[in-house]
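# Fold and contact review
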Amino acid sequence: MILIKRTYKLSTYGTVSAPYLATRTLKVLADEERAGLPHATDAISNDIYIDVLSGESTLEGAKKLQTKVSQLLLRGGFELHKWVSNSPELLKNLSTSSYVFDKE
């Protein structure tokens, strides 16, 4: 079996439509995956501008949301980086990148 890996680069940055295209792409992904991850799709649909700006009232709820949003975006080929939180506990044990880069 031969696997072909392709990397796509969004080349619209610097254009007027770039923010719309990036946000619209995420909203379409959320709509397509709504049945499987409803809580995560709500966060993507309603709480996104440039970053995912969402939260929960408990640490346990925030961890679940973090996991579900990551799963949802990975289904679309997106990997979240640079997490920020007012809770250091939420930032512990974040998984490392699922991508492996060839150094050559």
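Residues numbered from 1 in each chain as written. Predicted model: local features only at pLDDT ≥ 70, side-chain atom pairs only at ≥ 80, totals over all residues. Heavy atoms only, no water.

In the nomenclature of an unreviewed UniProt entry, the protein is known as Integrase catalytic domain-containing protein of Trichonephila clavata.

## Section: the overall build of the protein
Heads up, the rule is: Each helix is a run of DSSP H or I of at least 4 residues and each strand a run of E of at least 2, with the numbering of both proceeding from the N terminus. Remark: exposure states derive from per-residue accessible area (1.4 Å probe, protein chains only) relative to the maximum for the residue type, with buried under 20%, exposed over 50%, and partly exposed in between. Method for areas: the Shrake-Rupley scheme with a 1.4 Å probe, in which residue coverage is limited to the protein chains shown.
Of the regular secondary structure elements, the protein holds 4 helices and 0 strands. Ordered by position from N to C terminus, the α and β elements of the protein give α-α-α-α. Looking at the protein as a whole, 19% of its 104 residues are labelled buried. Taken as a whole, the protein presents about 8,600 Å² of accessible surface, with 56% of it coming from carbon and sulfur.

## Things to note about the pattern of salt bridges
Operational definition: Just to be clear on terms, a salt bridge is a Lys or Arg side-chain nitrogen sitting within 4 Å of an Asp or Glu carboxyl oxygen.
Throughout the structure, instances matching the rule amount to 6 salt bridges. Salt-bridge contacts for Arg75 lead to Glu33; the nearest nitrogen and oxygen are separated by 2.8 Å. One end of the pair, Arg75, is in helix α3 (residues 59–75); the other, Glu33, is in the loop between α1 (18–32) and α2 (38–46), and 42 residues separate them in sequence. The network of salt bridges with common partners includes Asp31, Arg34 and Asp42.

## Some details on the confidence of the model for the protein
The line we're drawing: Residue-level confidence of the predictor is summarised by pLDDT, bounded by 0 at the bottom and 100 at the top.
Per-chain confidence: the protein averages 78 in pLDDT, with 73% of residues scoring 70 or above. When mean pLDDT is compared element by element in the protein, α3 scores highest at 89, while helix α4 (residues 88–91) scores lowest at 84.

## Looking at the nonpolar core
Convention followed: Residue types Ala, Val, Leu, Ile, Met, Phe, Trp, Tyr and Cys, when buried and joined through side-chain atoms within 4.5 Å, form a set referred to as a nonpolar core.
Among the nonpolar cores identified, the biggest contains 12 residues, and these are Leu26, Leu29, Ala30, Leu37, Ala40, Ala43, Ile44, Ile48, Leu65, Val69, Leu72 and Leu73. Here this core gets 4 residues from one element, more than from any other, and that element is α3.

## Side note on the packing of α2 against α3
Rule in force here: Whenever a helix is involved, its axis is fitted only over the stretch in contact; in every case the axis is a line through C-alpha atoms, and angles between N-to-C directions fall within 0 to 180 degrees. If an angle is under 35 degrees, it is roughly parallel; if it is over 145, roughly antiparallel; if it lies from 65 to 115, roughly perpendicular; otherwise it is oblique. By definition, residues are in contact when any of their heavy atoms lie within 4.5 Å.
It is at 8 Å that the axes of α2 and α3 come closest, and there the two elements cross at 80°. Between α2 and α3, the angle is such that the two are roughly perpendicular. Residues His39, Ala40, Thr41, Ala43 and Ile44 of α2 touch α3, and the partners they reach there are Leu65, Lys68, Val69, Leu72 and Leu73.

## Some remarks on α3
Rules: Under the convention used throughout, the expected extent of a helix is 1.5 Å for every residue step, that is, one less than its residue count. An arc is given here, and it is the one of the directions from the helix axis to the C-beta atoms.
Helix length check: α3 (17 residues) gives 25 Å between terminal C-alpha atoms against 24 Å at 1.5 Å per residue, within 8%. Every buried residue of α3 is accounted for by Gly61, Ala62, Leu65, Gln66, Val69, Leu72 and Leu73. For α3, the angular spread of buried residues about the axis comes to 140°, placing them on one side. Turned more than 90 degrees away from the buried face of α3 sit Glu60 and Lys64, all of them exposed. Its buried side turned inward, α3 meets α1, α2 and α4. Immediately downstream of α3, the backbone of Gly77 shows phi near 90°, a positive value.

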